[in-house]
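Tertiary structure, described
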Amino acid sequence: MMDVFIHIIVQGEKAMRELEYPFDGKMILRKRKAIRKKLSGQPGLTEKRIAILGGSTTHDVREILELFLMNYGIRPVFYESEYAQYWQDVMFDQEAFVSFKPQLVYIHTSCRNIMAFPDFACTKQEADQLLDRQYQHFEVMWEKLEKQYHCPVIQNNFEYPFFRLCGNQDAVRPDGRVRFVAELNRKFSAYAENHSQFFINDINYQSADYGLREWSDPYYWYMYKYALCPEAVPALAFQLANMIRSLSGKNKKALALDLDNTLWGGIVGDDGADNLELGRETPRGEAYTEFQQYLKELKNRGVLLNVLSKNDRENALAGMEHPQMILKPDDFVEIRADWEPKSQNLLRMAEDLSLLAESFVFVDDNPAERTLVRQQAPDAAVAEMIRPEHYICAIDRAGYFETTYVSTEDTKRTDMYRDNRKRATMRQSCASYEEYLLSLQMRAHIKPFEPVYLARIAQLTNKSNQFNLTTRRYTLDEITQTASSDRYLTLYGRLEDCFGDNGIVSVIIGEKNGGTLDIILWLMSCRVLKRDMEYAMMDTLARQCEESGIRRICGYYYPTAKNGMVKEFYKTMGFEKISGDDKGNTVWELVPGRGYTPKNRVIRMM
């Protein structure tokens, strides 16, 4: 029998308000033990082994990072290097580190770990040679990590020095420390651009945002060998936790946006569409315009925009036709404008889009509405919107949409979900469900994993799918190794129809054990549920098993708080249940040679 990791996903992210942006870093430091005690009692946290390799004291970073991760449904198990032993642990195969087998490595270095800066009045050639030596010190470590551990690596870039010998010319002169750090950061970024499992934690930006003078207060280095002041640790840990959440597939997917005093200034039902504040003519109007531009860019990157407004629909649409509107009705997947409670409408919207409520961020200027959504739709995130000039920061700094991979399909997500609305409309006009499916003119491409799609496949395995029978997660490197190994049978499924390309919507990985295939992963996007794609995948799997001499297929179901909808999936595919336990874990068996009957009748294979 195969060795399977059972991952349990927490039901929703009922976040502690103390750890939501904007948070009080000093309070978190002061109450860390009490917060940890409360978070530790949560059921169903997903465990992840994280190595922190530090060039400075990292104890506080580890403790505060743990709080943010548990708040995101992740229970970290840490390895922490001894002080300033980050390089030695990797390069000299420190036994405790090797046996830890990290699933993620975080390298917490800083400007203090630059071994030498250029001498004053040195030549550009001398400065460049020093730069290359410093960069190679890190690159050789990254290459060793990639070769030996095959896991994501998060590396800090460098904050600027806390002093400048030549003032503003320090950014220009070959011997300038500011210039040296900027060039080193560019080299780090270039490496990240060419290595899919390597990510930059941008402390250069974070320190500037926090305030470099406070962030790099030398007192804490001299006293405790802290590379940043203790009060800045929560800010660093929060950004790092957002990266880890993104790598774990837990980032948000959609915005539910209010209209009045959120996307524009004024109340359209009272003031009229012509009198709304938008555009560059007034400071307040400019704030709303820039906020809309920011949202438009999020939409172009793959975030789903939706309207959730207490308004008469005609008034809402009239406001959206304002000539200064950046966002147009076509930029939104769904527009809900009525007088129903927003919490109920958000839950209905999630159901309509085949998303979980935890995929949404609710954005409303009204604190009473925010409170009601927190209480009645607690899985959704709620942005703290105070003043229009700070709306962008309220979304951006919260890290809801932190991204580690952006696929082509991500950029087309709005179109895909809008097409789903068209499909729903067509369904209402058909006499039967089968007639509806046939009218979609569906075409499936089902093939073994191909290099061009590996990043998207890895991304899918890390999303909180409701249709995921084992909830096994894979890194890109693991998917790449699986695709190239004869031990595994792999399939991906792309689905097209008369409305467009749904992209890759289903993935199967089976492990060959003699004449048996153990299905260790089967997942499918909820966007295409009840479209018979599962039958097309099963037919292809059964045929390939017969062709490969596999006589027996075993399927495994491990229950989570989210995947109850597929507990009887294998039964519908013709499998027989052969075992189960009191936790709901079940094992199923199918023998294709006993006359498996193909089930797909509505999808044409390409």
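Cut-offs used in this document
- Residues numbered from 1 in each chain as written.
- Predicted model: local features only at pLDDT ≥ 70, side-chain atom pairs only at ≥ 80, totals over all residues.
- Heavy atoms only, no water.
- Helix = DSSP H or I, 4+ residues; strand = E, 2+ residues; numbered from the N terminus.
- Rg over C-alpha atoms; globule rule 2.2 N^0.38 Å.
- Buried < 20%, exposed > 50% of the residue type's maximum accessible area, 1.4 Å probe, protein only.
- Areas by Shrake-Rupley, 256 points an atom, 1.4 Å probe, with all protein chains shown as cover.
- Lys, Arg positive; Asp, Glu negative; His and termini not counted.
- Charge placed at Lys NZ, Arg CZ, Asp CG, Glu CD.
- Contact = heavy atoms within 4.5 Å.
- Polar contact = N/O pair within 3.5 Å; in protein donor to acceptor, adjacent residues only side chain to side chain.
- Salt bridge = Lys/Arg side-chain N within 4 Å of Asp/Glu carboxyl O.
- pLDDT = per-residue confidence, 0-100.
- Pairing = 2+ DSSP bridges.
- Axes fitted to C-alpha atoms, helices over the stretch in contact; angles between N-to-C directions.
- Phe/Tyr/Trp six-rings, centres within 6.5 Å; stacked < 30°, edge-to-face > 60°.
- Lys NZ or Arg CZ within 6 Å of the ring centre and 35° of its normal.
- Parallel < 35°, antiparallel > 145°, perpendicular 65-115°, else oblique.
- Left-handed = near helix turned anticlockwise from the far one by under 90°.

1. Some remarks on the overall build of the protein
Across its full length, the protein holds 24 helices and 19 strands. Taking 2.2 N^0.38 as the reference for a compact globule, 606 residues should give roughly 25 Å; the C-alpha atoms of the protein span a radius of gyration of 26 Å, in line with that estimate. Along the three orthogonal principal directions, the C-alpha set of the protein runs to about 80 × 70 × 50 Å. Burial status across the protein gives 57% buried among its 606 residues. Looking at the protein as shown, the accessible area adds up to about 26300 Å², and 49% of this sits on carbon and sulfur atoms. Positive and negative side-chain charges in the protein, numbering 78 and 85 respectively, have mean positions lying 3 Å apart.

2. Notes on the environment of Trp142
Within the secondary structure, Trp142 is located in helix H6 (residues 124-149). For Trp142, a relative accessible area of 2% corresponds to the buried category. Along the primary structure Trp142 and Met91 are separated by 51 residues, whereas in three dimensions their C-alpha atoms are 9.7 Å apart. Beyond its immediate sequence surroundings of up to four residues, Trp142 is in contact with Ile107, Tyr135, Gln155, Phe188, Tyr191 and Phe198. For Trp142, the side chain forms a polar contact with the side chain of Gln155, separated by 3.0 Å.

3. Examining the pattern of salt bridges
Scanning the entire structure with this criterion turns up 35 salt bridges. A salt bridge links Asp60 to Arg32, with the nearest nitrogen and oxygen atoms 3.0 Å apart. Here Arg32 lies in helix H2 (residues 32-40) and Asp60 lies in helix H3 (residues 59-71), a separation of 28 residues in the sequence. Note on Asp60: relative accessible area 10%, which makes it buried. Salt bridges linked by common partners bring Arg17, Glu20, Arg370, Arg374 and Glu384 together as one network.

4. A few points about helix H21 (residues 454-461)
Of all eight residues in H21, seven are buried; the element is thus mostly enclosed. Turning to H21, its buried residues are Leu454, Arg456, Ile457, Ala458, Gln459, Leu460 and Thr461. Buried positions along H21 lie against helix H18 (408-411), helix H22 (476-484), strand S13 (488-497), strand S14 (500-513) and strand S15 (516-524).

5. As for the confidence of the model for the protein
Chain-level statistics for the protein give a pLDDT mean of 92 and a share of 97% at 70 or above. In this model residues 1-13 is a low-confidence stretch, pLDDT under 50, and it forms 54 contacts with partners more than four residues away in sequence or in other chains.

6. Comments concerning the sheet that holds strand S5 (residues 198-201)
Read from one edge of the open sheet, five strands run S2-S1-S3-S4-S5, paired in parallel fashion. Each having just a single partner strand, strand S2 (74-80) and S5 make up the two edges of the open sheet. Each strand axis lies, on average, 25 degrees off the axis of its neighbour in the sheet, ignoring direction. When strand S3 (residues 104-108) meets strand S4 (residues 153-156), the two strands line up parallel, connected through three bridges. From the neighbouring strand, Val105 faces S4, where its bridge partner is Val153.

7. Notes on the packing of aromatic side chains
What describes a pair of aromatic rings is the distance from one ring centre to the other and the angle between the planes of the rings. Inspection of every chain in the model, using the stated rule, returns 36 aromatic pairs. Aromatic pair Trp522 and Tyr570: ring centres 6.2 Å apart, planes at 75 degrees, arrangement edge-to-face. With Trp522 in strand S15 and Tyr570 in helix H24 (residues 569-572), this pair connects stretches of sequence that are 48 residues apart. A relative accessible area of 0% means that Trp522 is categorised as buried. Through successive ring pairs, a cluster of aromatic residues spans Tyr86, Tyr135, Phe138, Trp142, Phe158, Phe188, Tyr191 and Phe198. For the cation-ring pair, Lys187 lies above Tyr135, with the distance from its terminal atom to the ring centre recorded as 5.2 Å. In this structure, Arg245 is placed above the aromatic ring of Tyr72, and the distance from its NZ or CZ to the ring centre is 4.0 Å.

8. Brief notes about the side chain of Asn585
Considering the arrangement of structural elements, one finds Asn585 in the loop between strand S17 (576-580) and strand S18 (586-590). Take Asn585: its relative accessible area is 14%, and that puts it in the buried class. Within the structure, the side chain of Asn585 is placed 3.0 Å from the side chain of Asp581, a separation counted as a polar contact. Asn585 has contacts with Tyr557, Tyr558, Pro559, Ser579 and Gly580, leaving out every residue within four places of it along the chain.

9. Description of the packing of helix H15 (residues 342-352) against helix H16 (residues 367-376)
The packing of two helices is summarised by the inter-axis angle and the distance between the axes. Two numbers describe how H15 lies on H16: the axes approach to 8 Å, and their chain directions differ by 55 degrees. Classified by the interaxial angle, the pair formed by H15 and H16 is oblique. Every pair of crossing elements has a handedness; the one defined by H15 and H16 is right-handed. Listed contacts from H16 to Lys342, Ser343, Leu346 and Leu347 of H15 are Glu369, Leu372, Val373 and Gln376.

10. Let's talk about the sheet that holds strand S8 (residues 334-338)
Pairing is parallel in the open sheet, where five strands are placed in the order S8-S7-S6-S9-S10. Of all the strands in the sheet, the pair left with one neighbour each is S8 and strand S10 (381-382). Pairing geometry for strand S6 (residues 254-257) and strand S7 (residues 304-310), over four bridges, is parallel. Each bridged residue has a counterpart across the sheet, and for Ala254 the counterpart in S7 is Leu304. Lying on the sheet, helix H14 (residues 313-320) is in contact with S7 and S8; it crosses S8 at an angle near 130 degrees.

11. A look at the pairing of S14
Burial within S14 is extensive, with 10 of its 14 residues counted as buried. Inspection of the sheet shows S13 paired to S14 by nine bridges, in the antiparallel sense. Across the sheet, residue Leu491 finds its bridge partner in S14, namely Ile508. The hairpin turn running from S13 into S14, its antiparallel successor, is two residues long. Direction of pairing for S14 relative to S15: antiparallel, over a ladder of eight bridges. Following the sheet pairing, Ile509 is matched in S15 by Leu521. Turn length for the S14-S15 hairpin, with the two strands adjacent in sequence and antiparallel, is two residues, and the turn residue Gly514 shows positive phi of about 65 degrees.

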